[in-house]
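Letter by letter, the chains look like this.
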Amino acid sequence: MGTAEGFFERRDVGRFTATEYTRGPWDAGSQHAGPPAALLGRAVEERPGARADMRIARITYEILRPVPIGELEVTTSVLRSGRSTEVVEAAIAPAGAAPVMLARALRIRVAQESVPAVVSGPQLPAPGEVEVTPFFPVPWDVGYHSAMETRFTEGAFVEPGPGTCWMRMKVPLIAGEETRPLDRVLIAADSGNGISAVVDFGRYVFINSDLTVHLHRHPVGEWACVQARTSVDGAGIGLADAMLHDEKGPIGRSAQSLYVAPRRTA
């Protein structure tokens, strides 16, 4: 582990510093998309005037460019506001530069116990019932891979095919601040393509430029589970589709569009 106390450090309203824990597995200077996805989700819920009787039902991310490790600015704006729904947009950008990642969230008004609850989906082994599973080899010691605990109930990072992985943050999203269950889900959801990789990491890239998360229930607890499956067409377009769980059961789904191509050799 590194010396930072969170994935991000808050500098001011809407200003953050990304720490080494955000580092992804492919580029030492770029973040894994999970931490900025969680930060944008937090911004949507924390924006001034946010209604306490609404929660995120769907959030879609567009990853325009790799998110750098360093000083970042986060902004939000309301695109549509109604009695029962609202759409909020959030953006993350290097200080003084154009956005590198956008999020558009649909929030729906919550009415407690107003309709019958209907739950469908498999019950999974609890995270305490399975062993810790290491990440695939990463060229550096500290990054997203070292700040997340992973436990597979099916598959592994180094095994091709569908995978089911419980994930837990070892450090807070923002240093010195309470981690929320939604943070835990959004920081994990972008790992679906890695959990269910169907091509060799060493020979191919399979990069997602988007992520959509649907949540029918607000998550609870420290653990989030990504039960993922990837499909790839010979033309180089793929889809990683996942069911999301917490320890009480299914909570929603996530999907990532993938660009798949042979790795360039020197």
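What you are looking at is a predicted structure, and each value in this text was computed from that prediction instead of being measured.

Q: Is there a simple way to explain the overall build of the protein chain in this structure?
A: Scanning the protein chain from N- to C-terminus turns up 4 helices and 13 strands. The C-alpha atoms of the protein chain give a radius of gyration of 18 Å, which matches the 18 Å a tight globule of 266 residues would have. C-alpha extents for the protein chain along the principal axes are approximately 55 × 45 × 40 Å. The proportion of buried residues among the 266 residues of the protein chain is 51%. When contacts within the protein chain are restricted to residue pairs at least 6 apart in sequence, long-range pairs at least 24 apart make up 64% of them.

Q: Mind showing me how you'd approach the packing of helix 1 (residues 34-46) against helix 3 (residues 181-189) here?
A: To characterise two packed helices, one gives the angle between the axes of the helices and the distance between these axes. Direction vectors running N to C along helix 1 and helix 3 enclose 145°, while the axes themselves pass 7 Å from each other. The two elements helix 1 and helix 3 cross, and the hand of that crossing is right-handed. Contacts between helix 1 and helix 3 pair G34, P35, A37, A38, G41, R42 and E45 from the former with L182, D183, L186 and I187 from the latter. Tallied by class, residues from the contact of helix 1 with helix 3 come to 6 nonpolar, 2 polar and 3 charged.

Q: When you look at helix 1 in this model, what are you seeing that I'm missing?
A: Two residues of an α-helix separated by three or four positions point the same way, owing to the 3.6 residues in each turn. For helix 1, spanning 13 residues, the distance from its first C-alpha to its last is 18 Å, which sits close to the expected 18 Å at 1.5 Å a residue. For helix 1, a buried count of 11 out of 13 residues is recorded, marking the element as mostly surrounded by other parts of the structure. Along helix 1, the residues that are buried comprise G34, P35, P36, A37, A38, L39, L40, G41, R42, A43 and V44.

Q: Explain the pattern of salt bridges here, please?
A: Side chains bearing opposite charge may pair, as long as their charged atoms lie close to each other. Counted by the stated rule, this structure contains 17 salt bridges. Measuring nitrogen to oxygen at the nearest pair gives 2.9 Å for the salt bridge that ties R11 to E9. For E9, a relative accessible area of 26% translates into the label partly exposed. A salt bridge links R151 to E149, with the shortest nitrogen-to-oxygen separation between them at 2.7 Å. Take R151 and E149: they sit in the same class, and that class is buried.

Q: Would you mind going over the environment of R104 with me for this structure?
A: Mapping R104 onto the fold places it in strand 6 (residues 101-109). Apart from the residues lying within four places of it in its own chain, the contact partners of R104 are R58, I59, T60, L79, V87, V88 and E89. A polar side-chain atom of R104 sits 3.0 Å from a polar atom in the side chain of E89.

Q: What exactly am I supposed to notice about the state of the cysteines here?
A: A covalent bond between the sulfur atoms of two cysteines is what we call a disulfide. Taken as a whole, this structure holds 0 disulfides when the rule is applied. Of all cysteine sulfurs, the one in C225 lies closest to C165, which takes part in no disulfide; the gap is 6.9 Å.

Q: Looking at this structure, how should I read helix 3?
A: Burial within helix 3 is extensive, with 8 of its 9 residues counted as buried. By the burial criterion, the buried members of helix 3 are L182, D183, R184, V185, L186, I187, A188 and A189.

Q: I keep staring at the pairing of strand 5 (residues 85-94) and nothing clicks. Help me out?
A: Across a regular strand the side chains alternate sides, sitting on one face of the sheet and then on the other. The element strand 5 is extensively covered by neighbouring structure, given that 8 of its 10 residues are classed as buried. Taken together, strand 4 (residues 71-81) and the strand that follows it, strand 5, pair antiparallel across an intervening segment of 3 residues. Sheet analysis places strand 5 next to strand 6, joined by 8 bridges and oriented antiparallel. By the bridge assignment, V87 is partnered in strand 6 with L106.

Q: How do you make sense of the pairing of strand 11 (residues 224-232) when you look at a structure like this?
A: Relative to strand 11, strand 8 (residues 159-169) is paired through 5 bridges, and the arrangement is antiparallel. The partner of M167 across the bridge, within strand 11, is A224. Alignment of strand 11 against strand 12 (residues 237-246), held across 8 bridges, turns out to be antiparallel. Of the residues in strand 12, the one forming a bridge with S231 is L239. Count of turn residues in the strand 11/strand 12 antiparallel hairpin: 4 residues, of which G236 carries a positive phi of about 95°.

Q: What's the story with the side chain of T230 in this structure? I'm lost.
A: Topologically, T230 is positioned in strand 11. Separated by 2.7 Å, the side chains of T230 and S196 make a polar contact. Excluding its chain neighbours within four sequence positions, the residues that come into contact with T230 are G192, N193, S196, V198, L239, A240 and L258.

Conventions adopted
Residues numbered from 1 in each chain as written. Predicted model: local features only at pLDDT ≥ 70, side-chain atom pairs only at ≥ 80, totals over all residues. Heavy atoms only, no water. Helix = DSSP H or I, 4+ residues; strand = E, 2+ residues; numbered from the N terminus. Rg over C-alpha atoms; globule rule 2.2 N^0.38 Å. Buried < 20%, exposed > 50% of the residue type's maximum accessible area, 1.4 Å probe, protein only. Contact = heavy atoms within 4.5 Å. Axes fitted to C-alpha atoms, helices over the stretch in contact; angles between N-to-C directions. Left-handed = near helix turned anticlockwise from the far one by under 90°. Nonpolar A, V, L, I, M, F, W, Y, C, P; charged D, E, K, R; others polar. Expected span 1.5 Å × (residues − 1). Salt bridge = Lys/Arg side-chain N within 4 Å of Asp/Glu carboxyl O. Polar contact = N/O pair within 3.5 Å; in protein donor to acceptor, adjacent residues only side chain to side chain. Disulfide = S-S within 2.5 Å. Pairing = 2+ DSSP bridges.

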